[in-house]
Amino acid sequence: MKVIQVALLVVLSVTLAYCSYHQEHIARTHDPKSMVVSWFTKRPVPNAHVKYYRVANKAVTTPAESATFNATVGYVHHAVIQSLFPDTLYSYTVTVANNTYGDVHTFRTSNTSFTAPFKIPLYGDMGISNSLNTMNQVTKLISADHLNQSAEHIPFILHVGDISYADDRNSILYEHVWDTWFNMMSKVLTTTPYMVMPGNHEHESGRPFLPYSQYFVDFNYRFKMPLAGPLSDPYYHKPHNMWWSFDHQNVHIIALSTETDYSHSPYDPNFGDQVAWLHEDLIKAAANRHNVPWIIAMGHRPLYTSAKGGYFQNAQYPLRDAIEDLFHQYGVDIYFSGHVHAYERTWPVYKNVTEKTYDNPKGLTTITAGGAGCTEGLLTDWVEPRAEWSAKIFDQDETYGLIHIESNSVLKWELFSAKHNAVVDHITLTRHH
């Protein structure tokens, strides 16, 4: 498959005096021919925009959305670049006052239809401590992908909540920890769309409490995920990253907020009618299953967990009440989560009824992959005896996972020890959609 190499110059047009630092990162949109370029400046930037072009072609200018959640912290900028060619390598660089400010970065767009197997890195609960092994392994994966040394392309990365753990420290360090996480992950964030969803550690700052940080403010400003819907939709009250979905080739990806906006959610409803949005999204996904057969859903908290203690055990039941029937009705194939700082895989399950096969099961397979490494360490305390649906636990090392989309009916999952980069669990899920 020939890759068309095209140069794309992205000019984050700013005045040098206003630029203290950048945290460039990219993300997918609903449109496979578009990409969001995001960055951060310490001071306001007038008329921020992105310029991009193919070699020997005239540059195109796209304005950026610029905003601040606290003027003393800084300003975020998001620009959507459109009309990108599929299966194409693009290059971009940050330029200030016509001078190159940063390194040249590249990303590769994907084909719009399924033509070959691909893989998606997935993990949760990272932070900036105890996560260096995971960061290094993911960076190596991305480097190999961009050098075409991988048999399977990586179109994007999925981070199932609890991103920087900025709230685990004194609030004087809150924004510094967010900045540090972006800097530590820069080789990944600048080259591969990085897709995130909220966890409990995105809710607000540590103590002493920073009032501006409450209700996932940093999370919703620093990232730009596919919009939950047009502003006229009744499903949400304001633009946000709390839940979203998009199609990638033969997979429909759904990200949910397990933190807000369902009955008895951990935090107060604040963003809209998530469950109604999910229902509508699943209706559309089911109707399009002849084109996009796989439905993968994700949220920070697990639907089923053997983690010991009321904090973990009690949270799963309201979440099941809110979404398990919808998942079953529309045949969601697999659900990924984090929150528990270890790994657990279930057998396919619905309302505690277990099927001990991954060959075209009727129940939902769930994977908890919250062991990327964080300040709080690994969880090793489990309910005993475990429920019948609990198939595998791994709590001996930080981990990351890979979803392999092999075909329209075969999905493979691998869990890796981050320290040894060795497979510690794997399954093959087949579905006759």
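None of these values were measured; they are calculated from a predicted model.

### Structural notes on the side chain of N111
Item 1. With respect to the helices and strands, N111 occurs in the loop between β9 (99-108) and β10 (118-123).
Item 2. Polar contacts involving the side chain of N111 include one to the side chain of T115, which spans 3.3 Å.

### Looking at the packing of helix α5 (residues 274-287) against helix α6 (residues 310-329)
The relative placement of two packed helices comes down to the angle between their axes together with the axis-to-axis distance.
Item 1. Two elements in contact, α5 and α6, have axes whose closest approach is 11 Å; the angle formed by their N-to-C orientations is 5°. Here α5 is positioned roughly parallel relative to α6, judged by the angle of their axes. On α6, the residues touching V275, L278, H279 and L282 of α5 are A322, I323, L326 and F327.
Item 2. Of the residues assigned to the contact of α5 with α6, the class counts are 7 nonpolar, 1 polar and no charged.

### Digging into the sheet that holds β10
Item 1. The strand order β12-β11-β10-β22-β23-β24 describes an open sheet built from 6 strands, whose pairing is mixed. Either end of the sheet is taken by a strand with one partner, and the two such strands are β12 (194-196) and β24 (422-430). Averaged over all pairs of adjacent strands, the angle between strand axes in this sheet comes to 20°, irrespective of strand direction.
Item 2. Sitting on the sheet, helix α1 (residues 132-146) touches β10, β11 (157-159) and β22 (399-405), and the angle it makes with β22 is about 30°.

### Concerning the packing of aromatic side chains
Item 1. Counted according to the given criterion, the structure contains 21 aromatic pairs.
Item 2. Considering the side-chain rings of W181 and Y194, the 5.7 Å spacing of their centres and the 65° angle between planes classify their relative orientation as edge-to-face. Taken together, the residues W181 in helix α2 (residues 174-184) and Y194 in strand β12 connect sequence positions 13 residues apart.
Item 3. A relative accessible area of 1% places Y194 in the buried class.
Item 4. Members of the aromatic cluster, each reached through a chain of ring pairs, are W178, W181, F182, Y194, F219 and F223.
Item 5. Geometry around F40 places R222 over its ring, the cationic atom sitting 4.9 Å from the centre.
Item 6. Lying over the aromatic face of Y304, R320 brings its terminal NZ or CZ to 3.7 Å of the ring centre.

### Details of the confidence of the model for the protein
Item 1. Here the protein averages 89 in pLDDT, while 88% of its residues score no lower than 70.
Item 2. Note on residues 1-18: pLDDT is under 50 here. Beyond four places in sequence and across chains, it has 76 contacts.
Item 3. Low pLDDT, under 50, characterises residues 228-232; the predicted model gives this stretch 9 contacts beyond four residues in sequence or across chains.

### Brief notes about the sheet that holds strand β2 (residues 25-28)
Strands belonging to one sheet form pairs held by backbone hydrogen bonds; the direction of such a pair is parallel or antiparallel.
Item 1. An order of β2-β3-β7-β6 is seen for the 4 strands of this open sheet, with the pairing classed as antiparallel. Each edge of the open sheet is held by one strand with a lone partner, namely β2 and β6 (65-70). Pairwise comparison of adjacent strand axes, ignoring direction, gives a mean angle of 25° for this sheet.

Rules used throughout
Residues numbered from 1 in each chain as written. Predicted model: local features only at pLDDT ≥ 70, side-chain atom pairs only at ≥ 80, totals over all residues. Heavy atoms only, no water. Helix = DSSP H or I, 4+ residues; strand = E, 2+ residues; numbered from the N terminus. Polar contact = N/O pair within 3.5 Å; in protein donor to acceptor, adjacent residues only side chain to side chain. Axes fitted to C-alpha atoms, helices over the stretch in contact; angles between N-to-C directions. Parallel < 35°, antiparallel > 145°, perpendicular 65-115°, else oblique. Contact = heavy atoms within 4.5 Å. Nonpolar A, V, L, I, M, F, W, Y, C, P; charged D, E, K, R; others polar. Pairing = 2+ DSSP bridges. Phe/Tyr/Trp six-rings, centres within 6.5 Å; stacked < 30°, edge-to-face > 60°. Buried < 20%, exposed > 50% of the residue type's maximum accessible area, 1.4 Å probe, protein only. Lys NZ or Arg CZ within 6 Å of the ring centre and 35° of its normal. pLDDT = per-residue confidence, 0-100.

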